[in-house]
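# Geometric and topological summary
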Amino acid sequence: MATSKKAAPKKAAKKAAPKKAAPKKAVAKKAAPKKAVAKKAAPKKAVAKKAAPKKAAKKKSARKPNAAFLAPLTPSAELAAVIGSKPASRPDIVKKIWDYIKKQGLQDSKNKRMINADDKLKPLFAGKAQISMFDLAKVVSANVK
């Protein structure tokens, strides 16, 4: 029984000690958050500096179009039946051909890479009933001046 009496006062002493120490820690914590906030602000500035070069890199990578693509080209009679007879740049010609293909529903439904020819496109495609979309650049080159 002597051991249980000794254990009881130790438990009471341990409970009393943290209560006295708690107010001192609370005072110390008030000063600590100010230091912690100052430390947190510095890494945020470092992160912002890292983000700035990425934005600058994107601006530097902007490509300029090649002047040869923007030169107006005169379409042949077969091509003029599809896109019109006015001179246009190579990208505009390809865009107009694609607009015509989509408007007429000439893209193959099973294999989207293939273009089916109609009466206007058959002369452009050298008489073929179907060509690949990757051959469209060849068709444009063969039918412009």
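To keep things clear, this report deals only with the structure shown in the data block. Remember, it's a predicted structure, so these values are computed and weren't measured experimentally.

### Quick notes on the overall build of the protein
Broken down by element type, the protein carries 5 helices and 2 strands. Its helices and strands in sequence order give the protein the pattern α-α-α-α-β-β-α, from N to C terminus. A total of 145 residues make up the protein; the buried ones form 19% of that total. Taking the contacts inside the protein whose residues are at least 6 apart along the sequence as the reference set, 29% of them involve residues at least 24 apart.

### Here's the deal with helix α4 (residues 90-104)
Between its terminal C-alpha atoms α4 stretches 21 Å, which fits the 21 Å expected from 15 residues at 1.5 Å a residue. Taken residue by residue, α4 has I93, I97, W98, Y100 and I101 as its buried positions. End-on, the buried residues of α4 take up no more than an arc of 160 degrees, which puts them together on one face. α4 presents K95, K102 and K103 as exposed residues on the side facing more than 90 degrees away from its buried surface. Where α4 is buried, its residues contact α3 (77-83), β1 (114-116) and α5 (136-142). Positive backbone phi, approximately 70 degrees, marks G105, located one or two places after α4.

### A word on the environment of N66
Counting through the fold element by element, N66 comes out in the loop between α1 (2-60) and α2 (67-70). When its relative accessible area of 46% is taken as the criterion, N66 is described as partly exposed. At 3.2 Å, the side chain of N66 forms a polar contact with the backbone nitrogen of A68.

### Considerations on the side chain of D108
Within the fold, D108 resides in the loop between α4 and β1. It is K110 that comes nearest to the buried, bridge-free D108 among opposite-charge side chains, at 7.4 Å. In terms of polar contacts, D108 uses its side chain to reach the backbone amide nitrogen of N111, at 3.2 Å. Excluding anything up to four places from it in sequence, D108 contacts M114, N116 and Q130.

### Things to note about the pattern of salt bridges
This model, assessed by the stated rule, comprises 1 salt bridge. Ionic pairing is found between K138 and D135, a salt bridge with its closest N-O pair at 3.7 Å.

### Notes on the nonpolar core
Judged by nonpolar contacts, the single largest core of 20 residues is most densely connected at I93, I97, L121 and F125. At the level of secondary structure, the elements contributing two or more residues to this core comprise α3, α4 and α5. Of the residues forming this core, the biggest block, 5 residues, is contributed by α4. Not counting chain neighbours up to four residues away, the residues in contact with I97 comprise L79, I83, L136 and V140.

### Digging into unusual backbone geometry
You will see that A126, though not glycine, has its phi angle at about 60 degrees, which is positive. Owing to a relative accessible area of 68%, A126 belongs among the exposed residues under this scheme.

Each value, and the rule that gives it
- Residues numbered from 1 in each chain as written.
- Predicted model: local features only at pLDDT ≥ 70, side-chain atom pairs only at ≥ 80, totals over all residues.
- Heavy atoms only, no water.
- Helix = DSSP H or I, 4+ residues; strand = E, 2+ residues; numbered from the N terminus.
- Buried < 20%, exposed > 50% of the residue type's maximum accessible area, 1.4 Å probe, protein only.
- Contact = heavy atoms within 4.5 Å.
- Expected span 1.5 Å × (residues − 1).
- Arc of directions from axis to C-beta.
- Polar contact = N/O pair within 3.5 Å; in protein donor to acceptor, adjacent residues only side chain to side chain.
- Lys, Arg positive; Asp, Glu negative; His and termini not counted.
- Salt bridge = Lys/Arg side-chain N within 4 Å of Asp/Glu carboxyl O.
- Core = buried A, V, L, I, M, F, W, Y, C linked by side-chain atoms within 4.5 Å.

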